[in-house]
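Summary of structural features
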Amino acid sequence: MGAGDTAQPARPAETARPDAGQAAVRPVLHGACRPAVSVIRNRADFLKAARARRQAVPGFLLQARRRRQEEPFSDIRVGFTCSRKVGNAVTRNRAKRRLRALAHAVLADEGRKGWDYVLVGRPQVTVARAWPDLIGDLRRALESVHAEREARP
RNA sequence: GCGGAUGGCUGGACGGCCGCGGGCCGCAAGGUUCGAGGAAAGUCCGGACUCCAUGAGAUGACGGUGCCGGGUAACGCCCGGCGGGGGUAACCCCAGGGAAAGCGCCACAGAGAAGAGACCGCCACCUGCCCGGAAACGGGCAGCGGCAAGGGUGAAACGGUGGGGUAAGAGCCCACCGCGGGCCGGGCAACCGGGCCGGCAAGGCAAGCCCCACCGGGAGCAAUGCCGAAUAGGGGCCCCGCGCGGGCCGGUCGCCGUUUCCUUCGGGAGUGCCCUUUGGGGCAAGGCGAUACCGCCGCAGGGAAAUCUCAGCCCGGGGGCCCGGGUUGGCAGCCAGACCCUGCCGGUAACGGCAGGGCCAGAUGAAUGGUCGUCGCGGCGGCGCUUUCGGGUGCUGCCGGACAGAAUCCGGCUUACAGGCCAUCCGCGCGU
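Structural notes, computed from the coordinates. (Residues numbered from 1 in each chain as written. Chains lettered and ligands numbered in written order. Predicted model: local features only at pLDDT ≥ 70, side-chain atom pairs only at ≥ 80, totals over all residues. Heavy atoms only, no water.)

Summed over all chains, the structure comprises one aromatic pair. Between the aromatic rings of Trp-115 and Tyr-117, the centroid separation amounts to 6.1 Å while the plane-to-plane angle is 15°, which identifies the pairing as stacked. Take Trp-115: its relative accessible area is 3%, and that puts it in the buried class. In this structure Tyr-117 comes out as buried when scored by relative accessible area, which is 0%. For the cation-ring pair, Arg-100 lies above Phe-80, with the distance from its terminal atom to the ring centre recorded as 5.8 Å. (Phe/Tyr/Trp six-rings, centres within 6.5 Å; stacked < 30°, edge-to-face > 60°. Buried < 20%, exposed > 50% of the residue type's maximum accessible area, 1.4 Å probe, protein only. Lys NZ or Arg CZ within 6 Å of the ring centre and 35° of its normal.)

Next up, the structure:
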């Protein structure tokens, strides 16, 4: 009986894994290796990302953090933040949805495994900025954040 | 046709690419179906539902409501009336109980603001002075007085208008209106109509306090209930202190069972040990599982003692029963309901009854979308055609498309809202 119980504690750590495992299989069908993108829902992860490096671009603010060794690192995680300064509830929702679509379009190809990204909405611009400009913003922000990492030995 | 009043509806459509959340089916891949609003908002009322408190309840405090009748689960909501006010009208507006229970206040202006008051003013008798006069007397001014009509102030001036009356005046008297009290008639009632009496006594503010009637226990879904890491850890009681307990390792037991090369995929050759009836079987190595039992022998050593140490390795005083707390988080509450649609019946209506049909979001760093295109709508402009000169119509360019995002759920209220549509009614104009 004791051996049966000892297998239990290991399970919570693996809850994030199954997605990663399936995603690792799926890209083979496409021929390219696209890591899975999952969503950050935990407050602690948001706070950690906010304390790590950041890059402001016209459309939004990007916060990014490379996860530590003991955390799962096979996927890309992304979160979204729109405070009350962005506008009323309708505007906040719309800003968040645009950021979500933006992450979907760009991050799977240009994000890095084992990193957390948080996209922070800005008043007026996040909702109004033209779509191609926003995509360009994210590409430049990612480049800058990754370069900063490599410059620091 | 123009202007207006009221009630209601709508809140762009279609498609391509890429996505999200829930349910159902499926081992899975995946499939299928559903997926924001009229206010989802403000959180202002009323409930459902939970937990807490409570002897039924009464009283007080506090809060709320306030014409009458009806509707409703309930309401401060809705409907129908009444009264007052506004509008030619349709219709709209009203915080609409009590001011002869009491307290308080009524700024400024004004003489005076509640049993008030005399600034200008009006006036007879009487007294004094002056003028005229022969005198009687007349006139003027002042005093002693009378009055409150007119002027003036004010949001409001101690009933209003008219007449009589008077020196001048005054509800002093009269008529009507207003006010108060009975009476009669109508209405469930608020109230309305009529008539009689009284005779001015009763200013306004209750959204200052207050009085009267009625209603209200408190907190809220972050309510509340359940599950819940681990050698973790809190409290109580009892027992033991035994080379004891827990984890890991090994032994042991059970099950499985082997390796290399070639290949035309049929097979062939080789093989750690033993047995063989040549079919194969057993043992060792290996894997998986179980773990009661065992951990070389010996049966100990240190310390005054409690007790500690050692012997596979590591950690620790141990065991039993009961109670309680609780982090990350998960589940329930949590979506079939005072529900929606249609029809019939009752009711002026709000609404109610019956029958049939329908299933319509359940997220939790929070889904219900992102992007591109076409069409449609509105505004401004250009060109063409047409015109009863108001406009209509075709093509085209630019711009715009509101207010706003479910979070336990219902009934209301309030506030926000680009543009568009419908119905009924009123006034004016024109035609018949």
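Still more ground to cover, so stick around.
Glancing now at the nonpolar core. Counting 24 residues, the largest nonpolar core has Phe-60, Leu-62, Tyr-117 and Leu-119 as its most contacted members. Listing elements by their share of this core, those giving two or more residues are strand E3 (60-66), strand E4 (76-81), helix H5 (89-110), strand E5 (115-121) and helix H7 (131-151). Core analysis: the second largest hydrophobic core is formed by five residues, Ile-40, Ala-49, Leu-61 and Val-118 among them. (Core = buried A, V, L, I, M, F, W, Y, C linked by side-chain atoms within 4.5 Å. Helix = DSSP H or I, 4+ residues; strand = E, 2+ residues; numbered from the N terminus.)

Right, let's get into the environment of Val-106. Within the element layout of this structure, Val-106 appears in helix H5. Separated by 30 residues in sequence, Val-106 and Gly-136 place their C-alpha atoms 9.6 Å apart. Those residues in contact with Val-106, other than ones at most four positions away along the chain, are Gly-111, Ile-135, Leu-138, Arg-139 and Leu-142. (Contact = heavy atoms within 4.5 Å.)

Turning to the pairing of E3, a few remarks are in order. Counted residue by residue, E3 has six buried out of seven residues, so it is predominantly covered. As defined by bridge partners, strand E2 (residues 53-57) adjoins E3 across five bridges and the pair is classed as antiparallel. Its bridge partner being in E3, Gln-55 is matched across the sheet by Leu-62. Connecting E2 to the next strand, E3, in antiparallel fashion are two residues. Across seven bridges, the pairing between E3 and E5 is antiparallel. Considered in E5, the bridge of Leu-61 is made with Val-120. (Pairing = 2+ DSSP bridges.)

This paragraph deals with the protein's contact with RNA strand B. Close to RNA strand B lie 20 residues; Ile-40, Arg-41, Thr-81, Arg-94 and Arg-98 are nearest. A share of 62% is what sugar and phosphate atoms reach among the atoms of RNA strand B within 4 Å of the protein. In the model, a base nitrogen of RNA strand B is placed 3.4 Å from a nitrogen or oxygen of the Asn-93 side chain. Between Arg-98 and RNA strand B, the recorded distance is 2.7 Å, taken from a side-chain N or O atom to a phosphate oxygen. Contributing elements (two or more residues each) for the surface near RNA strand B: helix H4 (43-51), E4 and H5. Counting residues per element, the surface near RNA strand B draws most heavily on H5, at nine residues. Residue composition of the surface near RNA strand B, grouped by class: 10 nonpolar, four polar and six charged. (Near = heavy atom within 4 Å. Polar contact = N/O pair within 3.5 Å; in protein donor to acceptor, adjacent residues only side chain to side chain. Nonpolar A, V, L, I, M, F, W, Y, C, P; charged D, E, K, R; others polar.)

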